Amino acid sequence: MNCRECEERLQSYVDRELSEQELLEVQRHLEACPPCENHFRLQLHLKRLVKVCCESGQAPAHLRAKLRQILF
Amino acid sequence: MAVGIGVSVAVLEPGMATMVAVADDPGSERGAQSDDFAEEAIGYLDTLYRGALRLTRDPAQAEDLVQDTYLRALRYRHSYQSGTNMKAWLFAIMRNLFWDRFKGGRPEDVSLDGDAEASLYDTLKDPTAMPEADVLDRIAADEVVRAVEQLPELHREVVLLVDVEGFSYKDAAEVLQVPIGTVMSRLHRARRQLQRSLQDYAREAGIVHGEQGRAG
Ligand SMILES: [Zn+2]
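All residue numbers refer to positions counted from 1 along the written sequence of the respective chain. Chain labels run from A onward and ligand labels from 1 onward, assigned in the order the entries are written. It should be noted that, the model being predicted, local features are given only for residues of pLDDT at least 70 and side-chain atom pairs only at 80 or more, the latter also being counted only at that level, while totals for whole chains, interfaces and linings use all residues. Excluding hydrogens and water, the side-chain values take into account all heavy atoms of the structure.

Novice: What exactly am I supposed to notice about the environment of L161 of chain B here?
Specialist: All names here are of chain B. Runs of E in the DSSP output that reach at least two residues are strands. Runs of H or I that reach at least four are helices, and both are numbered from the N terminus. Along the polypeptide, L161 turns up in helix 9 (residues 153-164). Given the relative accessible area of 3%, L161 is considered buried. Considered as a pair, L161 and Q61 are 100 residues apart in the sequence and their alpha carbons are 19 Å apart. Apart from residues no more than four positions distant in its own chain, L161 is found in contact with F91, G166, F167, A172, V175 and L176. Note on classification: 1.4 Å probe, protein chains only; a residue is buried when its accessible area is under 20% of the maximum for its type, exposed when over 50%, partly exposed between these limits. Any two residues having at least one pair of non-hydrogen atoms within 4.5 Å are treated as being in contact.

Novice: Hey, could you run me through the coordination of the zinc ion in this one?
Specialist: Any two of four tetrahedral donors ideally make an angle of 109.5 degrees at the metal, while pairs among six octahedral donors ideally make 90 or 180 degrees. All names here are of chain A. Sites may look incomplete, because water is not among the atoms used; the donor set itself consists of N, O and S atoms within 2.8 Å of the metal (3.2 Å for Na, K and Ca). Surrounding the zinc ion are the protein donor atoms C3 (SG), H29 (NE2), C33 (SG) and C36 (SG), at 2.1 to 2.3 Å. Labels for metal geometry use angle windows, namely 85 to 135 degrees for all angles of a four-donor tetrahedral site, and for square planar (four donors) or octahedral (six donors) sites opposite donors over 155 degrees apart plus all others within 65 to 115; sites meeting none of these are irregular. Angles of 104 to 114° at the metal separate the four donor atoms of the zinc ion, which places the site in the tetrahedral class. The sequence motif formed by the donor residues of the zinc ion is C-x25-H-x3-C-x2-C. Of the two residues, C3 is situated in helix 1 (residues 3-14) and C33 in the loop between helix 2 (20-32) and helix 3 (34-54); the sequence distance between them amounts to 30 residues. Note on C3: relative accessible area 32%, which makes it partly exposed.

Novice: In this structure, what is going on with the interface of chain A and chain B? I would like to understand it.
Specialist: When the parts come together, some accessible area is lost, and that loss is often what is quoted as the size of the interface. Taken residue by residue, the interface counts 36 residues in chain A and 43 residues in chain B. Take the accessible area each of two parts loses on contact, using a 1.4 Å probe, and add the two losses: that sum is the buried area. Summed over both sides, the interface between chain A and chain B buries roughly 4,000 Å², with carbon and sulfur atoms accounting for 62% of that surface. One side-chain nitrogen of Lys or Arg within 4 Å of one carboxyl oxygen of Asp or Glu is enough to make a salt bridge. Between chain A and chain B we count four salt bridges in total. A salt bridge links D15 of chain A to R191 of chain B; the shortest N-O distance between them is 2.7 Å.

Novice: Sorry if this is basic, but what is going on with helix 9 of chain B here?
Specialist: For an α-helix, 3.6 residues make a turn, and residues three or four places apart therefore share a direction. Of all 12 residues in helix 9 of chain B, 12 are buried, a share of seventy percent or more. Of the residues making up helix 9 of chain B, those classed as buried are E153, L154, H155, R156, E157, V158, V159, L160, L161, V162, D163 and V164 of chain B. Of the surrounding elements, those touching the buried residues of helix 9 of chain B are helix 3 of chain A together with helix 4 (45-56), helix 6 (86-102), helix 8 (141-149), helix 10 (169-176) and helix 11 (180-204) of chain B. Remark: G166 of chain B follows helix 9 of chain B within two positions and exhibits a positive phi of approximately 70°.

Novice: Hey, could you run me through the environment of V148 of chain B in this one?
Specialist: Among the secondary structure elements, V148 of chain B is positioned in helix 8. Setting aside residues no more than four positions away along its own chain, V148 of chain B makes contact with V50 and C54 of chain A together with R156, L160 and L194 of chain B.

Put into structure tokens, the structure is as follows:
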């Protein structure tokens, strides 16, 4: 696998959407290629950062109460 | 369509609503069964509210959107197949309500996807669009949320589904009613823009030092 082929699969790799075979091929390339490895780490980092930052916060209590009345 | 997550097209298409309503017999399904449904559904309240807040960027509108999502879910609960992905089913309802109510229609003909395929990987290695990991760590959470909220809706919703909610490409594709390839290209562009705006922010806020700082 060359760098371009690795780049093309990196998003799916970060999102855990590759087949076992492709995953191993990307892994092998990343172990041998610091620039791609660095790129991978940044992508993964960004994905996790977005998750952590957007995941916080709760629905307002009055909305929950209203919905319980509607639903039950 | 959308068999995997139990999203019935009838729920998603306004024109089909009357058909479903005829089959829907309120009163006959009250009791334990609908309580189970309601209990499971309300378990996703915080998740849906956060998603609604990111979509509408307005707490009052987010509340309305979430409430309408639950009303529609309750009305069409028969189209939900027990044991399938209720979170995806609810997100599909909410997402379609969002586009119908707040954006005046479905996003079929938005030109955002136009040149997605051609440029998909070309600018991937643009070094100026790529903040370093330690730079990312010093950006406040509010700023990351703001960057997400600045994405065009079509890009924002796929980031919410895949990155925040952990949907597979397949489930996201079913919620959004687009091919998996479209999910991937929107996601790619969304992340590229996120990287760019976070990098811009880091530069403006003076978080970026070293070579880029000295050069400027
Ligand atoms: Zn490489």
